[in-house]
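Residue-level structure breakdown
Listed below, chain by chain, are the residues.
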Amino acid sequence: MRQPETLRERLAVVRERIARAAESVGRKPEEVSLIAVTKTVAPERILEAYEAGQRVFGESRVQEAAPKIAGLPSDIEWHFIGKLQSNKVRKAAGLFRVIHTLESSSQLKEFEKLAAPVDSLIEVNLAHESQKSGVLPESLDEFWQLASQCKGVRVRGLMTIGPNLGDPEAMRPFFRELRRLGDRFGCEWLSMGMSADFDVAIQEGATHVRVGSALFGERPG
Ligand SMILES: *Cc1c(COP(=O)(O)O)cnc(C)c1O
């Protein structure tokens, strides 16, 4: 098969990969939500994906996302997947349907002030990477308790980014571990898997995959 060239073709390829991965473990493709990650992607390209049928998009910076969201169709479901500074919580809550990166009590203090709860996932730093954010696995019990008591968030599940190992199979133990933690807390959602490894993540139970470069090409920088 020739390389997919248009965004529409790339979307079809990614959706096909999602379906194949789900079916390989007896899951339904509809159980997996594709989040098209559009950080650094221009609004015109996002609109192109929208016109090809994509409705769920992810951004990682509030500042960058705000004008894009304002200018794009209002039936898009926006997910926040970047590091969330406490002083941006209020703004993020107004813009995004789902926050994937709960990780600190200072964020929770800001969520507490909101009028209505926001669907959220707790980010877990499974590999104890010092440069990455997220709650360490051994602190998850305590943070889960804290987040569950916060009336500004509705905790729906867990999210992880995972180490960059360059081999999708090498990620499997991390995805499996997030699934195990998710089961322990009775999570509905698991946000795991990116362009290089979402097939494996789906086999291990991902309900949300975050896919950027496989759709929009490599990012600058
Ligand atoms: C950028 C980003 C992605 C998408 O990564 P790709 O490898 O381009 O698919 C997924 N998750 C998070 C948290 C990101 O920041």
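Before going into details, it helps to say that this report is about the structure given with it. (Residues numbered from 1 in each chain as written. Predicted model: local features only at pLDDT ≥ 70, side-chain atom pairs only at ≥ 80, totals over all residues. Heavy atoms only, no water.)

Along the protein, the regular secondary structure elements total nine helices and eight strands. Considered along the principal axes of its C-alpha atoms, the protein spans approximately 50 × 40 × 35 Å. Evaluated residue by residue, the protein yields a buried proportion of 52% over its 221 residues. Partitioning the intrachain contacts of the protein with sequence separation of at least 6 by distance along the chain shows that 53% fall at a separation of at least 24. Here the protein displays about 10700 Å² of accessible surface, and carbon together with sulfur accounts for 50% of that area. (Helix = DSSP H or I, 4+ residues; strand = E, 2+ residues; numbered from the N terminus. Buried < 20%, exposed > 50% of the residue type's maximum accessible area, 1.4 Å probe, protein only. Contact = heavy atoms within 4.5 Å. Areas by Shrake-Rupley, 256 points an atom, 1.4 Å probe, with all protein chains shown as cover.)

Judged by nonpolar contacts, the single largest core of 62 residues is most densely connected at Phe-111, Ile-122, Leu-158, Ile-202 and Val-209. If one sorts the elements of this core by residue count, helix α1 (residues 7-24) sits on top with six residues. Contacts of Ile-122, omitting those with residues within four sequence positions, involve His-100, Leu-102, Val-135, Leu-140, Phe-143, Trp-144, Ala-147, Val-155, Gly-157, Leu-158 and Met-159. (Core = buried A, V, L, I, M, F, W, Y, C linked by side-chain atoms within 4.5 Å.)

Val-37, Lys-39, Ile-81, Ile-161, Met-194, Ser-195, Arg-210, Val-211, Gly-212, Ser-213 and Arg-219 make up every residue found near the ligand. At 2.8 Å from a nitrogen atom of the ligand is found a side-chain nitrogen or oxygen belonging to Arg-210. Within the side chain of Arg-219, an N or O atom sits 2.8 Å from an oxygen atom of the ligand. Compared with its free state, where it exposes 390 Å², the ligand has 89% of that area covered by protein. Looking at the shell around the ligand, its residues break down into five nonpolar, three polar and three charged. (Near = heavy atom within 4 Å. Polar contact = N/O pair within 3.5 Å; in protein donor to acceptor, adjacent residues only side chain to side chain. Nonpolar A, V, L, I, M, F, W, Y, C, P; charged D, E, K, R; others polar.)

Once that is clear, we can look at the pattern of salt bridges. A complete count under the given rule lists 22 salt bridges for this structure. For Asp-119, the salt bridge is made with Arg-156, and the minimal N-O distance between the two is 3.0 Å. Within this pair, whereas Asp-119 is found in strand β5 (residues 118-123), its partner Arg-156 is found in strand β6 (residues 153-159), the two being separated by 37 residues in sequence. When its relative accessible area of 6% is taken as the criterion, Asp-119 is described as buried. Across the pair Glu-204 and Arg-172 runs a salt bridge whose closest N-O atoms are separated by 2.8 Å. Residue Glu-204 is located in the loop between α8 (198-203) and β8 (208-211), and its partner Arg-172 is located in helix α7 (residues 168-184); the two are separated by 32 residues in the primary sequence. In this pair, the class of Glu-204 matches that of Arg-172, namely buried. (Salt bridge = Lys/Arg side-chain N within 4 Å of Asp/Glu carboxyl O.)

On to α7, then. For α7, which comprises 17 residues, the first-to-last C-alpha distance of 25 Å matches the rise-based estimate of 24 Å (1.5 Å per residue) to within 8%. For α7, every residue scored as buried is listed here: Met-171, Arg-172, Phe-175, Leu-178, Leu-181 and Gly-182. Of the surrounding secondary structure, the elements contacted by the buried residues of α7 are α6 (140-149), β6, β7 (189-191) and α8. A distance of 3.1 Å separates the backbone nitrogen of Glu-169 from a side-chain oxygen at the start of α7, and that oxygen is part of Asp-167. Phi for Gly-186, located one or two positions after α7, is positive at around 65°. (Expected span 1.5 Å × (residues − 1).)

This brings us to unusual backbone geometry. Located in the positive-phi region is Thr-40, a residue other than glycine, with phi close to 65°. Considering the arrangement of structural elements, one finds Thr-40 in the loop between β1 (33-37) and α2 (43-51).

Since the α-helix packs 3.6 residues into each turn, any two residues three or four apart lie on the same face. Regarding helix α3 (residues 62-71), the residues found buried are Val-62, Ala-65, Ala-66, Lys-68 and Ile-69. Where α3 is buried, its residues contact α2, β2 (56-59), β3 (77-80) and α4 (89-95).

As for its position among the elements, Arg-210 is in strand β8. Buried charge without a salt bridge: Arg-210, with Asp-197 as the nearest opposite-charge side chain at an N-O distance of 7.2 Å. Of note is the side chain of Arg-210, whose polar atom sits 2.9 Å from the side chain of Ser-191. Every residue in contact with Arg-210, bar those within four places of it in the chain, is listed here: Ile-35, Val-37, Ile-81, His-100, Met-159, Thr-160, Ile-161, Ser-191, Met-192, Gly-193, Met-194 and Ser-195. (Lys, Arg positive; Asp, Glu negative; His and termini not counted.)

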